[in-house]
Amino acid sequence: MSRKAPAGDVDPADDIAGTEVSEPKTWAAGVPGVTAALRQAYDQMGVRRTALTLVRVNQKPGFDCPGCAWPEGDHRHLAEFCENGAKAVAEEATTRRVTREFFARHTVAELAERSDHWLGQQGRLTEPMVLRAGSEHYEPVSWDEAFGLLAEELNALDSPDEALFYTSGRTSNEAAFAYQLFARAFGTNNLPDCSNMCHESSGSALVETIGIGKGSVLLEDLHQADLIFVVGQNPGTNHPRMLSALERAKKDGARIVAVNPLPEAGLMRFKNPQRASGLVGKGTGLADRFLQIRLNGDLALFQALNRLLLESDAPDAIDEEFLTAHAHGFEAFRDHVLGLDWDAVLEATGLSRGEIAATLGDVLGAKRIVVCWAMGLTQHRNSVPTIREVVNFLLLRGNIGRPGAGVCPVRGHSNVQGDRTMGIYEKPAPAFLDALGKEFGFEPPREHGLDTVDAIRAMRDGTAKVFLGMGGNFVRATPDSAVTEAALRGCRLTAQVSTKLNRSHAVTGTRALILPTLGRTERDVQDSGPQFVSVEDSMGMVHASRGRLAPASPDLLSEVAIVCRLARATLSGPDLGWAEMERDYDVIRDRVSRVVPGFDRFNERIREKNGFTLPHAPRDERRFPTATGKANLTVNELEVLRVPEGRLLLQTVRSHDQYNTTIYGLDDRYRGIKAGRRVVFVNPADLEALGIGDGAVVDLVSEWTDGTERRAPAFRVVGYPTARGCAAAYFPETNVLVPLDSTAAVSNTPTSKSIIVRLETTGRPL
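Reading the values: the criteria
Residues numbered from 1 in each chain as written. Predicted model: local features only at pLDDT ≥ 70, side-chain atom pairs only at ≥ 80, totals over all residues. Heavy atoms only, no water. Core = buried A, V, L, I, M, F, W, Y, C linked by side-chain atoms within 4.5 Å. Buried < 20%, exposed > 50% of the residue type's maximum accessible area, 1.4 Å probe, protein only. Helix = DSSP H or I, 4+ residues; strand = E, 2+ residues; numbered from the N terminus. Contact = heavy atoms within 4.5 Å. Expected span 1.5 Å × (residues − 1). Arc of directions from axis to C-beta. Axes fitted to C-alpha atoms, helices over the stretch in contact; angles between N-to-C directions. Parallel < 35°, antiparallel > 145°, perpendicular 65-115°, else oblique. Pairing = 2+ DSSP bridges. Polar contact = N/O pair within 3.5 Å; in protein donor to acceptor, adjacent residues only side chain to side chain. pLDDT = per-residue confidence, 0-100. Salt bridge = Lys/Arg side-chain N within 4 Å of Asp/Glu carboxyl O. Phe/Tyr/Trp six-rings, centres within 6.5 Å; stacked < 30°, edge-to-face > 60°.

What is the right way to read the nonpolar core from this model?
The nonpolar side chains of soluble globular proteins are, as a tendency, buried together. Counting 62 residues, the largest nonpolar core has Leu 150, Leu 154, Phe 165, Phe 177, Leu 513, Trp 578 and Phe 599 as the members making the most contacts within it. Ranked by residues supplied to this core, first place goes to helix H9 (residues 173–186) with nine residues. What Leu 150 contacts, discounting residues up to four positions off in sequence, is Val 466, Leu 468, Leu 493, Ala 495, Leu 513 and Leu 566. Leu 227, Ala 300, Phe 333 and Ala 344 belong to the second largest nonpolar core, which has 53 residues in total.

When you look at helix H20 (residues 353–364) in this model, what are you seeing that I'm missing?
Every α-helical turn comprises 3.6 residues, leaving residues that sit three or four positions apart pointing alike. Given a rise of 1.5 Å per residue, 12 residues ought to cover 16 Å, and the 17 Å separating the end C-alpha atoms of H20 matches this to within 8%. Residues of H20 that are buried: Ile 356, Thr 359, Leu 360, Asp 362 and Val 363. For H20, the angular spread of the buried residues around the axis is 155°, confining them to a single face.

Mind showing me how you'd approach the packing of helix H16 (residues 298–311) against helix H18 (residues 330–338) here?
Packed helices, taken two at a time, are described by the angle their axes make and the gap between the axes. H18 packs onto H16 with a crossing angle of 105° between their chain directions and a minimal axis gap of 9 Å. In terms of axis orientation, H16 runs roughly perpendicular to H18. For the pair H16 and H18, the contacting residues are Gln 303, Asn 306, Arg 307, Leu 310 and Glu 311 in the first and Phe 330, Phe 333, Arg 334, His 336, Val 337 and Leu 338 in the second.

Would you mind showing me how to read the pairing of strand E31 (residues 697–702) here?
For a regular strand, side chains alternate in direction, first toward one face of the sheet and then toward the other. Within E31, six of the six residues are buried, which leaves the element mostly enclosed by the surrounding structure. Side chains Val 697, Asp 699 and Val 701 project from E31 onto one buried face, and the interleaved Val 698, Leu 700 and Ser 702 project onto a second face that is buried too. Hairpin geometry of E31 and strand E32 (residues 709–719) is characterised by an intervening segment of six residues between the two adjacent antiparallel strands and by a positive phi of about 75° at Gly 707. Alignment of E31 against strand E34 (residues 755–761), held across five bridges, turns out to be antiparallel. Paired with Asp 699 across the two strands is Glu 760, which belongs to E34.

I would appreciate a short explanation of the side chain of Asn 382 in the present structure.
Relative to the helices and strands, Asn 382 resides in the loop between helix H21 (375–378) and helix H22 (383–396). Judged by its relative accessible area of 13%, Asn 382 falls in the buried class. Of the polar contacts made by the side chain of Asn 382, one reaches the side chain of Asn 296; its length is 2.8 Å. When neighbours within four sequence positions are excluded, Asn 382 is seen to be in contact with Asn 296 and Leu 299.

Honestly, the confidence of the model for the chain in this entry has me stumped. Any pointers?
Low-pLDDT stretches of the model should not have their predicted coordinates read in fine detail. With 94% of its residues at a pLDDT of 70 or more, the chain has an overall mean of 92. Low pLDDT, under 50, characterises residues 1–10; the stretch is placed with 32 contacts to residues that sit more than four places away or in other chains.

In this structure, what is going on with the sheet that holds strand E24 (residues 612–613)? I would like to understand it.
Two pairing modes exist for strands in a sheet, parallel and antiparallel, and in both the strands are linked by backbone hydrogen bonds. Reading across the sheet, the three strands line up as E22-E23-E24 and stay open at both edges, with antiparallel pairing between neighbours. Edge positions in the sheet fall to strand E22 (533–536) and E24, since each has one partner strand and no second. The pairing of strand E23 (residues 541–545) with E24 spans two bridges and is classified as antiparallel. Counterpart to Met 541 in the pairing with E24 is Thr 613.

Got a minute to help me understand the pattern of salt bridges in this structure?
Pairing between side chains of opposite charge can happen when the charged atoms of each approach one another. All chains considered together, the criterion is met by 57 salt bridges. One salt bridge connects Glu 162 with Lys 465, and the closest N-O pair in it is separated by 3.4 Å. With a gap of 303 residues between them, Glu 162 in the loop between helix H8 (143–155) and strand E8 (163–167) and Lys 465 in the loop between helix H25 (452–461) and strand E17 (466–470) connect regions that are remote in the sequence. Between Lys 427 and Glu 426 there is a salt bridge whose closest N-O contact spans 2.8 Å. In the salt-bridge network here, residues are joined through shared partners; they are Arg 647, Asp 699, Glu 703, Glu 709, Arg 711, Arg 758 and Glu 760.

Whenever I open this one, the sheet that holds strand E11 (residues 269–271) confuses me. Can you help?
An order of E3-E11-E12 is seen for the three strands of this open sheet, with the pairing classed as mixed. Sheet topology places strand E3 (28–29) and strand E12 (284–285) at the edges, where each strand pairs with a single neighbour. Direction of pairing for E3 relative to E11: parallel, over a ladder of two bridges. Bridge pairing in E11 places Ala 29 opposite Lys 271.

Sorry if this is basic, but what is going on with the packing of aromatic side chains here?
Summed over the entire model, instances satisfying the criterion amount to 22 aromatic pairs. Note on Tyr 166 and Phe 467: the rings are 6.2 Å apart at their centroids and 25° apart in plane angle, and the pair reads as stacked. With Tyr 166 in strand E8 and Phe 467 in strand E17, this pair connects stretches of sequence that are 301 residues apart. Exposure remark for Tyr 166: the relative accessible area of 2% places this residue in the buried category. A residue is classified by how much of its surface remains accessible, and Phe 467, at 1% relative accessible area, is buried. Judged by centre distance (5.7 Å) and plane angle (85°), the ring pair of Phe 599 and Phe 612 falls under edge-to-face. Placement of the pair is Phe 599 in the loop between helix H30 (585–593) and helix H31 (602–605) and Phe 612 in strand E24, with a sequence separation of 13 residues. Considered together, Phe 599 and Phe 612 belong to a single accessibility category, that of buried residues.

Would you mind going over the pairing of strand E26 (residues 648–653) with me for this structure?
In terms of burial, E26 is a largely internal element, six of the six residues being buried. Here E26 shows two buried faces, one formed by Leu 648, Leu 650 and Thr 652 and the other by Leu 649, Gln 651 and Val 653. For E26 and E34, the ladder comprises three bridges, and the chain directions are antiparallel. Paired with Leu 650 across the strands is Ile 755, a residue of E34. Pairing geometry for E26 and strand E33 (residues 726–730), over five bridges, is parallel.

In this structure, what is going on with the side chain of Glu 709? I would like to understand it.
Mapping Glu 709 onto the fold places it in strand E32. The class of Glu 709 is buried, set by a relative accessible area of 8%. At 3.1 Å, the side chain of Glu 709 forms a polar contact with the side chain of Arg 711.

Looking at this structure, I do not really get the environment of Tyr 664. What am I missing?
With respect to the helices, strands and loops of the structure, Tyr 664 is situated in the loop between strand E28 (662–663) and strand E29 (673–674). What makes Tyr 664 buried here is its relative accessible area of 4%.

So what exactly am I meant to see when it comes to unusual backbone geometry here?
Excluding glycine, most residues fall at negative phi; most peptide bonds, likewise, are trans. Geometrically, the link from Phe 731 to Pro 732 is a cis peptide bond, its omega value of 10° lying close to zero. Even without glycine at this site, Arg 622 takes up a positive phi of about 50°. As for its position among the elements, Arg 622 is in the loop between helix H32 (617–621) and strand E25 (631–632). Positive phi outside glycine occurs at Ala 675, with the angle close to 60°. Note that Ala 675 resides in the loop between E29 and strand E30 (679–682). Ala 675 gets classed as partly exposed once you look at its relative accessible area, which sits at 33%.

See below:
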């Protein structure tokens, strides 16, 4: 058996020494949410800057929150942000600075030993930096030299496909469009992005079944729904403003079913901090039913509900008129589901038959149903079949293309959906490439590029040699940390476009660049005057974003300027208009309007106070642009994920003090964790069966078919009411446990929600 050490970090034993554990909370937000948000904001920005900044978050003349992608309604509260949104703004608008003196004091090796939290707390990057071959320190570099170095390495490659152009979900529409144009003009479709690691499974399943890889609901549909499923999602931490929408739906008579291995405080009770009653009252109970499902059991649950619907004698159990007019594949689907093995369902879900039957009662009592989900559904081997089965469930009762009903994949990062719309995709549609080539007068590459997992493999194998990251923290967002870090270190050059310091700056190729950029909160002034950008939220609404603060440094460039100047330094063919696009972002939007469907009159409509809604044929017309011309009911085989005796099924989760890989603090208030992140949540009955005491220190060791030991050392065990046989721990600390080759079928998304692990006691005291 081979063995891989965990990625470098602080001493794990130091991290758990001061961890405090208390009872988990049974409600979310309220006064503690307000207090925590303001405390973080004051600490990072000061009182005056806080006041100037937070009042413009998610406002029509303001800037889009750099956190989640939850949409805003027409009527917005003065404080149109959540606790974690305030933390995201504070992290970006901080007055702390990382200067050349900082890099002179700290070697790259020293930075690699620091925690994610420490790195993030150092503040904003202020000028471009270079790590030269053989050097231990980053040093200042001019923008022209930085672009020259990157262009030199790109043009020295044997093939354009040896370059990787990664994108984070915070990149604006304008920057994303320019970025994909540059990559394709350079000659490659190697455009891996963060979607590959989160909602790629959603897009794959939805394109196949309804013809478009986006959700079919708008915010008002949630308000009108009779029944809302919230599956594999923790909105209290990851999308807190969603709780307001659920609260409104509940007060209008909707029922809510929560499906999750973990009880999540926000789905129990919500104290809305935007209402006086939410600050002093009991708040609103949200979930009417909590199905504490076993990890990876969601496919079995929805197949069971579908069988019960088919067998029901209720007159409206299925919508035969809708199925006849709009659905394809019903007979094969019906025959398969009616043969479902109930013993397999109960084993896979960990639920009783009575719990599932009671949920059927909720379904039959509802005319309009929305199913929401997040990464609890998308990061399993069978994620695509699971989401296809969710679509089957909705189609059976005609719940797509009806007000108050539909599919609602809740995207995480602020513009992750917009980036894909703008062409950040390694497998672009021929129609998109045709339009792009016609608009810019060149022939884009047609061969599919590399997604995130395949990009890591290519760097590992030496077939990719230059990595450019447009935002994000690639090292900590990806699976199999030791493999990923070794792969990046094998590159000739790694370059990161960033606002703040993170671990990706400390895991470098032979040479490395840090290219500091403006944040959402900051003014962007180009030669033609002040600029704004646009973003697309999780429900296909496109709106403008305008920063107000002075840039953190005069040496920062916007993402658009970085892309356009790099393109001018690199490309030798016909000029595609890079200088004009940098000078005036209206030029980019005009080009987008002629390339991307739904963006006609882009410049005119983006200036309307609410922006505009992108067309969605299934929602708007009950038209399904699939190969069959109808919505496709699918056959999905149920395979029960069985875990060897003495092992657990682990899911990686976020704490309440983080967003994606950004660690705001070391607390998880709702789960009762203070001053620590190296904890593993395990059902007390499982601890008893394993002979491990609550509070013990263990190593987490994942088991995979390649025989490689992946170990995350020194985690404190916390007895917690998770589903039996299941455990949870925070990422990115446990990304080291996710094998690179353990991915979802079809989407190639890492299986971060179904990792087989064993707990090894260490004998180390707390």
